[in-house]
Amino acid sequence: MRLKTTLLLFLGISIHSFAQENVTYQKPSKSIMDLVDYERAPSVSMDTKKEYMLLMYRNTYKTLDDLNQDEMRLGGLRINPVTNISSTTTYSNNIKLRKIKDKAETQISGLPENAKISNISWSPDEKKIAFSNTSETGVALWVVDVASAKAKKLTEDSVNANLGNPFSWYNDNENILVKMLLVNRPALLDGKKNLPTGPIVSNATGSISQNRTYQDLLKNKTDEANFENVLTAELYKVNLNGSKTLYKGAGLYAGENFSPDGKYLMVSTILKPFSYIVPLSRFPSKTVVYDLEGNEIKVVNEMPLNEIMPKGFMATRTGKRSMNWRNDEAATLYFVEALDEGNPENKVEYRDVVMEWKAPFDQQPTEILKTKQRYGGIIWGNATTAVAFDQWYDTRNTKTYLFNPSDASQEPKVISDRNSQDIYADPGNFETVKNSYGKNVLAIENNNLFLLGDGFTKEGQFPFIDEFNIKSLQTKRLYTSTYKDKKEDLLSIEDFKKGEVLVKIQSKNEYPNYYFRNINKKDALTPITTFANPFESIKNVSKELIQYKRKDGVQLSGTLYLPAGYDKKKKEKLPLLIWAYPTEYKDKNSAGQTDQNPNEFTFPYYGSFVYWVTKGYVVLDDAAFPIIGEGTTEPNDTFIEQLVANAEAAIDAVDALGYINRKKVAVGGHSYGAFMTANLLTHSDLFACGIARSGAYNRTLTPFGFQSEQRNYWEAPEIYNTMSPFMNAKQMKTPLLLVHGEADNNPGTFTLQTERYFQALKGLGAPARMVILPKESHGYAAKENILHLLWEQDQFLEKYLKN
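Analysis parameters
Residues numbered from 1 in each chain as written. Predicted model: local features only at pLDDT ≥ 70, side-chain atom pairs only at ≥ 80, totals over all residues. Heavy atoms only, no water. Helix = DSSP H or I, 4+ residues; strand = E, 2+ residues; numbered from the N terminus. Rg over C-alpha atoms; globule rule 2.2 N^0.38 Å. Areas by Shrake-Rupley, 256 points an atom, 1.4 Å probe, with all protein chains shown as cover. Lys, Arg positive; Asp, Glu negative; His and termini not counted. Charge placed at Lys NZ, Arg CZ, Asp CG, Glu CD. 1 Å grid on protein atoms, 1.4 Å probe; cavity = no way out; pocket = protein on both sides within 12 Å on 5 of 7 lines; lining within 4 Å. Points joined across faces, edges and corners; volume = space filled by probe spheres on them. Nonpolar A, V, L, I, M, F, W, Y, C, P; charged D, E, K, R; others polar. Pairing = 2+ DSSP bridges. Contact = heavy atoms within 4.5 Å. Axes fitted to C-alpha atoms, helices over the stretch in contact; angles between N-to-C directions. Core = buried A, V, L, I, M, F, W, Y, C linked by side-chain atoms within 4.5 Å. Buried < 20%, exposed > 50% of the residue type's maximum accessible area, 1.4 Å probe, protein only. Expected span 1.5 Å × (residues − 1). Phe/Tyr/Trp six-rings, centres within 6.5 Å; stacked < 30°, edge-to-face > 60°. Lys NZ or Arg CZ within 6 Å of the ring centre and 35° of its normal. Salt bridge = Lys/Arg side-chain N within 4 Å of Asp/Glu carboxyl O. Polar contact = N/O pair within 3.5 Å; in protein donor to acceptor, adjacent residues only side chain to side chain. pLDDT = per-residue confidence, 0-100. Patch = residues over 30% accessible without salt bridge, like charges linked within 9 Å, V, L, I, M, F, W, Y side chains within 5 Å.

**Considerations on the overall build of the protein**
Looking only at helices and strands, one finds nine helices and 51 strands in the protein. Taken over the C-alpha trace, the protein has a radius of gyration of 28 Å; the compact-globule value for 803 residues is 28 Å, and the two agree within 12%. Counting only C-alpha atoms and orienting by the principal axes, one finds that the protein spans roughly 75 × 75 × 60 Å. For the protein, the exposed surface amounts to about 35900 Å²; the carbon and sulfur share of it is 47%. Within the protein, one finds 96 positive and 96 negative side-chain charges whose respective centroids are separated by 3 Å.

What follows is the structure in structure tokens.
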């Protein structure tokens, strides 16, 4: 059945209004449409040598028809069972190549008609590019020859992409490992037509397991059968000449990874029993290493069903985890095991141990590192140099270590120890280069590593490049961006000796473009791309970062927009729109820092209020709403008080500038920002109205934690109840526009949350309007829905705020 383009809008503005309206899709006013209706610039992918650039074009928006496809929701996945790829995939519709030194783009010839391109992957030697194309009947593997810019189809429309990228390049650059559908796949079961053979029964064994709320889980035996059916695949070795050879027979293949030298393949498969309370990532699995002929070398991991987990963000499962190949060695696996039984409440000296296991795995794994906090990752360098990270959420602490992976007896050297939210102290990210295996490893030049930092400071953002000496552990600044009217992102170092760096530069009116910068020469910039600004109509809008303080002294900030031509001397009092999202912190210092740069390109989209600066509104975008809990105090212990204090400070700050009528202020947010909005309207009289999109309003429906809250409902019932707008709906008397996607896939923000909250508001006489957007998930994608959303918001603001 095709979707009717009619929205069901529930209206509860007064007792005299109808319960719902049948409204067809609407479009916002011209000033907003001029910004919404633009052509998206292509995405860019460059080869390692920066010789070629792939330009990937896609439609600015999806359509309602794109969303109106067959869909099965199984084990946390959303799958189109006809095409056998995720129903949420975003496709490119065209790809072009360009030699980076040249200006002209080359249209790749031989592309499929009505192309729907995804899973783009360069070959190891970067002379070929593989991609998948989705037709009405399925997914096929295609390949592009870079030199000739010609594409050709390698397989029929029978690739199984239900679990993501369905292929991997062999190291020989001539063959690709591909997941293919079974030739005679059984028909999928229809849950409505196939009568159950019994009830659905689940057991609680007495073990404590505090799982969060997950979407799209398996629900019954029919789901189990269909889950197994759609994920079952065969692995084929497909040659670039189109021939294929069976590598492995039918299985629920969840991951395939070649060793750096290309001689081994690690394959993970999902096993039974499946679960109805956790997604597939916690189903049983088995990991086996094979040689290139498909002969089993070693079973390297077996994981049981993981339904039971300790409480807390630092909880993890027992057994081997995070297993992968070392990038710096030919064929060495490494993995992590918890030393605290995965339970953060257990007191131990070391939380995790990192082990390595060399192929062909005839020896036992050996220890190479222990971490005092929860393991956070490794960047491999060479036999004697690697960088590791650990972290602890409760304290927000993160540490970086320099260690020798060949000698576990050497104590790792702590080279960074900071609050993970302290962005002013962030040392940056280590630069990597591709080694002889084509894998990313630490860039090491004359005993130096290199750090590329975002460069956030109290005075603004000034990205930097540091040289870090692995002997002295001292850093030397090589470059600092000095722009005060532009924003520069440092992407990669291309030539360490010459000082050539790939950067991206933008300003509030200049679209982000790529350049080569020589840091050894002043103002030595070579442009690579010249993408134009598609939003000329707002180029004269005033944009600045304002900083202000909360009444308890916490530093806050937000990006302030004023309409084009606004006279700051006459100071006409305009309505104010605040868009925000609360963030939890453990200290006031980190909470008072800002990562906003007023020189970032102004890119209006449905996720903010920026469009309304063209309608005569003042907009405070991304207003800081920190929720702080220092020491043993948890942030949410004073959530409401801090929320109101943040809002009050923001309004006071803009009002002090003389730009607004503080009786005409609206607030809005998405997801946790929607939760914030409903609470602000409930617990303060600061706002004339609010817009809350895709939020959760009853925290008893997320009883084992939400957002950054680790306590469960039974440990902190007053916190859950006080923070729940649903529980306090009787206090809410301010006009509220509620919006939600019909098919929300985000944990905790079930569409039911908005429906039940609206029912409470309506029943208690609150002025509210609910709009359910057909076929939309947590983020909105279809142009029809986005345009109507903007129309709804525009009408609502005109009625309850501006006029």
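There's more to say after this.
**A word on the layout of surface pockets**
Its boundaries defined by the atoms lining it, the second largest pocket holds a volume of some 1400 Å³. L217, N220, K221, D223 and Y276 are, among the 46 residues lining the second largest pocket, the residues nearest its centre. Among the elements of the structure, β5 (72–74) and α3 (221–231) are those that each provide at least two residues to the lining of the second largest pocket. Tallying contributions element by element places α3 first for the lining of the second largest pocket, with five residues. Of the residues that constitute the lining of the second largest pocket, the class distribution is 20 nonpolar, 17 polar and nine charged.

**As for empty space enclosed by the protein**
Tallied over the full model, the rule gives one cavity of 30 Å³ or more. If you add up the space inside the largest cavity, you get close to 40 Å³. Contributing to the lining of the largest cavity are K508, N509, I538, K539, V541, K543, Y561 and T602. Within the lining of the largest cavity, the residues separate by chemical class into three nonpolar, two polar and three charged.

**Quick word on the sheet that holds β5**
The sheet built from three strands is open, its strands ordered β5-β6-β7 with antiparallel pairing. The sheet is open, and its two borders are formed by β5 and β7 (85–86), each paired with just one other strand. Note that β5 and strand β6 (residues 77–80) share three bridges and pair antiparallel. Across the sheet, residue R73 finds its bridge partner in β6, namely R78. Sheet contacts for α3: β5 and β6; angle to β5, the most-contacted strand, approximately 100°.

**With respect to the nonpolar core**
Formed by 62 residues in total, the largest nonpolar core has its most connected members in I578, L620 and F687. With ten residues, the single largest contributor to this core is helix α5 (residues 639–656). Beyond its immediate stretch of four places on either side in the chain, L620 contacts I546, Y548, G558, T559, L560, L576, L577, I578, W579, A650 and V654. Ranked by size, the runner-up nonpolar core spans 49 residues in total, among them L35, L55, Y611 and Y617.

**Observations regarding helix α8 (residues 751–763)**
Along its 13 residues, α8 runs 19 Å from first to last C-alpha, staying within 8% of the 18 Å computed at 1.5 Å per residue. Every buried residue belonging to α8 is among T751, Q753, T754, Y757, F758, A760 and L761, and all of these are buried. A positive backbone phi angle near 85° is found at G765, which sits one or two residues after α8.

**Structural notes on the packing of aromatic side chains**
Counted according to the given criterion, the structure contains 39 aromatic pairs. For the ring pair F450 and F496, a centre distance of 4.8 Å and an interplane angle of 45° mean the geometry is tilted. Here F450, found in strand β33 (residues 448–453), pairs with F496, found in the loop between β38 (487–495) and β39 (500–506); they are 46 residues apart in sequence, far enough to count as distant. Taken together, the aromatic side chains of Y581, F639, Y672, F675, F704, F706, Y713, W714 and Y720 make up a single cluster linked through ring pairs. One cation-aromatic arrangement involves R396 over Y393; the distance from NZ or CZ to the ring centre is 4.0 Å.

**Here we look at helix α6 (residues 672–683)**
In this model, α6 (twelve residues) spans 16 Å end to end at C-alpha, consistent with the 16 Å of a helix rising 1.5 Å per residue. Summarising burial for α6: eleven of the twelve residues are buried, a large majority. Taken together, the buried positions of α6 are Y672, G673, A674, F675, M676, T677, A678, N679, L680, L681 and T682.

**Overview of the pattern of salt bridges**
Counted under the stated rule, the structure contains 39 salt bridges. Across the salt bridge formed by K179 and E256, the nearest N and O atoms sit 3.8 Å from each other. With a gap of 77 residues between them, K179 in strand β15 (residues 175–180) and E256 in strand β18 (residues 253–258) connect regions that are remote in the sequence. When salt bridges that share partners are traced, they join R321, D340, R351, D352 and R374 into one network.

**Things to note about the sheet that holds strand β11 (residues 128–134)**
In space, the four strands of this open sheet follow the order β10-β11-β12-β13, with antiparallel pairing throughout. Every other strand in the sheet has two partners, leaving β10 (117–122) and β13 (150–153) as the edge strands with one partner each. With direction set aside, neighbouring strand axes in the sheet form an average angle of 25°.

**Things to note about unusual backbone geometry**
The linkage connecting K272 with the following residue, P273, adopts the cis geometry, with an omega of 5°. With respect to the helices, strands and loops of the structure, P273 is situated in the loop between β19 (264–270) and β20 (285–291). The backbone of N119 shows a phi angle near 55°, a positive value even though the residue is not glycine. Assignment of secondary structure puts N119 in strand β10.

**A few points about the side chain of T602**
Along the chain, T602 turns up in the loop between α4 (588–591) and β46 (618–623). The exposure class assigned to T602 is buried, which follows from its relative accessible area of 10%. Here K543 takes part through its side chain, which lies 3.1 Å from a polar atom of the side chain of T602. If sequence neighbours within four positions are ignored, T602 has contacts with K508, F535, I538, K543, Y561 and V610.

**Focus: the pairing of strand β42 (residues 542–549)**
Taken together, the eight bridges between β42 and strand β43 (residues 555–562) define a ladder with antiparallel strand orientation. Bridging from a neighbouring strand, K549 pairs with Q555 of β43. Here β42 hands over to β43 after five residues, with G553 in that stretch at a positive phi of 95°.

**Quick look at the confidence of the model for the protein**
On average, residues of the protein score 95 in pLDDT, and 98% of them are at 70 or above. The low-confidence segment residues 1–6, where pLDDT is below 50, has 14 contacts with residues more than four positions distant or belonging to other chains. In the predicted structure, residues 8–17 sits below a pLDDT of 50 and forms 37 contacts with residues beyond four places in sequence or in another chain.

**Observations regarding a negative patch on the surface**
Negative charge collects at one region of the surface, where D454, D595, E600 and D622 lie side by side. Structurally, D595 can be placed in the loop between α4 and β46.

**Considerations on the environment of S472**
One can find S472 in the loop between β36 (464–469) and β37 (475–480). Considering only alpha carbons, one finds S472 and A623, 151 residues apart in sequence, at a separation of 42 Å.

**Let's talk about the side chain of S557**
On the secondary structure map, S557 appears in strand β43. On the accessibility criterion, S557 (4% relative accessible area) is buried. Polar side-chain contacts of S557 include one of 3.1 Å to the side chain of T594.

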